[in-house]
Every structure is written in structure tokens, then in C-alpha cells.
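Structural features, examined
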Amino acid sequence: MPDQDQLLVEVDGQRLRVSNLDKVLYPQTETTKGEVLNYYARVAAALLPVLADRPVTRVRWPHGTGDMSFFEKNIPGGTPRWIERATIVGHGSRGGGEKVTYPLLRGVADLTYFANLASLELHVPQWRVGEEEDGRSEPQHPDRLVVDLDPGAPAGLHECARVALLVREELAREGLETVVPVTSGSKGMQLYAPLDGSRSSDDARELARGIAERLQKAEPKLVVWRMTKSLRPGKVFLDWSQNVAAKTTIAPYSLRGKDRPTAAAPRTWDEVETGADDPESLRQLDLDDVLERLAHQGDLFAPISAA
């Protein structure tokens, strides 16, 4: 007899099995796997351009966010052949000659497959892969810069918003006028700016670090650029290192593995400016918020993902 907890579905012309759709993945809100799959299907038009040609690292919560999780880089056994992949050498956390074969997510069926594995979080680098040679894919120069704003308690989104306005000014001085803020779905915020491909990852890292150093000098009570955790309480750490080629950042529109089904959500500068003035006005958004905003505001991250 067929497993009553499994369902054979067709998504974008691909047939795949989904299972345990009633399984609760977010115990605090009783959000089920079926709702997670629904979210990723509905957000796909905005999310897939963010992921395009980028190796995707997943964080999986097989028993829901109240239990253990693990990072997964290599594509797991049993992955359908129609999911594309890229083999990268020397860009893993251990460096050296580590070889990792990542999935490249191209369509709704790809998102559905990994969401069914409880891959709640999707993390990507700031670069895309180029043409494959000799069975491996080469990272290209980054096509976007990210400045990660990480608040140290009791600082929060209010302080991040204040710093975001300062970072926007600094990026404009560097000729990067298009900047999109994203609340991370966790504690802080990221700011993204498109790059033209002429800078290496090291160049992008140094650009971000220079901004962080200047802002700490100008606002020492608000900003810290060094990674030392003892320096962070009450301040916002400008994590310039997210531009290092081996590092990844939560993808805008990805869910987070928190108590509630929050998501990394692109925001307007009006919201950030209000948040800088009013400590109570800015909060992390959940999956329903993101879907409603997409319906009414469209894809706020398009200026970056389409660049």
C-alpha cells in the first residue's frame, strides 16, 4: 500500500513526492510543512532571481525549529537529476582543496524538493558561478556588495536603521547609489548594492571594511567594525566579512529557522527612516507579511537581483 503521508505532485512539469505536509515545523505558531511549501511556491518569482546561478547552502530542521538543525552544502543523495548542480573547489569553510557539489535552484520544483527536506534557510554567496570546466564551476567576481548589520543587545532594529542611513551615505560616496535594505528575519539587517563585476571578492570585502572603519570612527558609541564580541553590546557590528568569497548570507525572501516563521524581507527606505526615529516601528516580518507585501508592493529586491 502507498504511504498515506506521501503525495506525488507535478510542479513545473516535474514529478516529485512530498511528505508529512501536516508536520509542524514551527511549534510556536504551529506552522506546518505544507504551509512552508506553499510559501516557497508563492514567493518563487521573487526568490529565484536572488538564487540564480548561485550555489545554495541549506540549513535543515528535519524535526522542526524546536529541535536540532544542520547545515548542508553538498547536494544530498537521491536528489533528482533535473536539479542542476555546481562543483566548487577551494571555497568551503576549510579552504584548501575541499570540493563541494551544490545545487543550483532554477524553478519552483527545485524549491519544493528542498523545502520538503525541511531546508528552511537558503544561504548564498555574493557571486555567481561561471561556465563549468573539467567538471568544476568557477566563482565569478561578485555582482553585489552586502553590509551585514548585526546588533549587540540591547541594540536592535532601531539602532540598525540608524546605522543603515549612515551606510547608505557612505555607499553613495563610493558611487553605489542603489541600495536595498533587508531585515534579516533574525536580529538585524543587510544592505545590498549591485556591483558591475569589476571588483574581486577581496576588493568588495575591503570596500565594506573601509566603510565600517570610517563609521566606527565617526560614531564610536553606535558602530563597531571589529569582530570581537566583547565590543558589541549596545552597538551595531558592521560585518564586512560577508563579502569574502567563501562566505554566504541568508537569501532575501528565505525563511529563517526561528520560533516564528520569519523571513529575510526587503524593506523600503521610508520604513528604515521611520525606524531610525521610532524604536517601535520596525520589526522582523513573517511569511504572511512577506506574501502580502509582494502582492501590494511588488519585488523590492528587483533592483539588485535584476542588476
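As shown above, the structure is provided for reference.
Keep in mind that what you see is a predicted model, and the values were worked out from it rather than measured.

Focus on helix α6 (residues 287-297)
Residues that lie three or four places apart on an α-helix share one face, since the helix turns once every 3.6 residues. Here α6 has its buried residues at L287, D289, V290, L291, R293 and L294. Of the surrounding secondary structure, the elements contacted by the buried residues of α6 are α1 (33-51), β18 (265-266) and α5 (269-277). N-capping of α6 is provided by D286, with a side-chain oxygen placed 3.1 Å from the backbone N of D288. Among the residues trailing α6, G298 stands out with phi positive, at a value near 80°.

Notes on the environment of E271
Along the chain, the position of E271 falls in helix α5. Distance from E271 to S281, taken between C-alpha atoms, is 8.1 Å for residues ten residues apart in sequence. Each residue touching E271, except ones within four places of it in the same chain, is listed here: L282 and R293. Only 2.8 Å separates the side chain of E271 from the side chain of R293, close enough to count as a polar contact.

Examining the sheet that holds strand β6 (residues 70-72)
Here we have four strands laid out as an open sheet, ordered β6-β5-β9-β17, and antiparallel in their pairing. Taken across any chain shown, the strands that pair with only one partner, and hence form the sheet edges, are β6 and β17 (249-250). Judged from the three bridges that link them, strand β5 (residues 57-60) and β6 form a sheet pairing that is antiparallel. The residue of β6 that forms the bridge with R58 is E72.

Thresholds applied
Residues numbered from 1 in each chain as written. Predicted model: local features only at pLDDT ≥ 70, side-chain atom pairs only at ≥ 80, totals over all residues. Heavy atoms only, no water. Buried < 20%, exposed > 50% of the residue type's maximum accessible area, 1.4 Å probe, protein only. Helix = DSSP H or I, 4+ residues; strand = E, 2+ residues; numbered from the N terminus. Contact = heavy atoms within 4.5 Å. Polar contact = N/O pair within 3.5 Å; in protein donor to acceptor, adjacent residues only side chain to side chain. Pairing = 2+ DSSP bridges.

No statement about biological role is implied by the geometric values presented.
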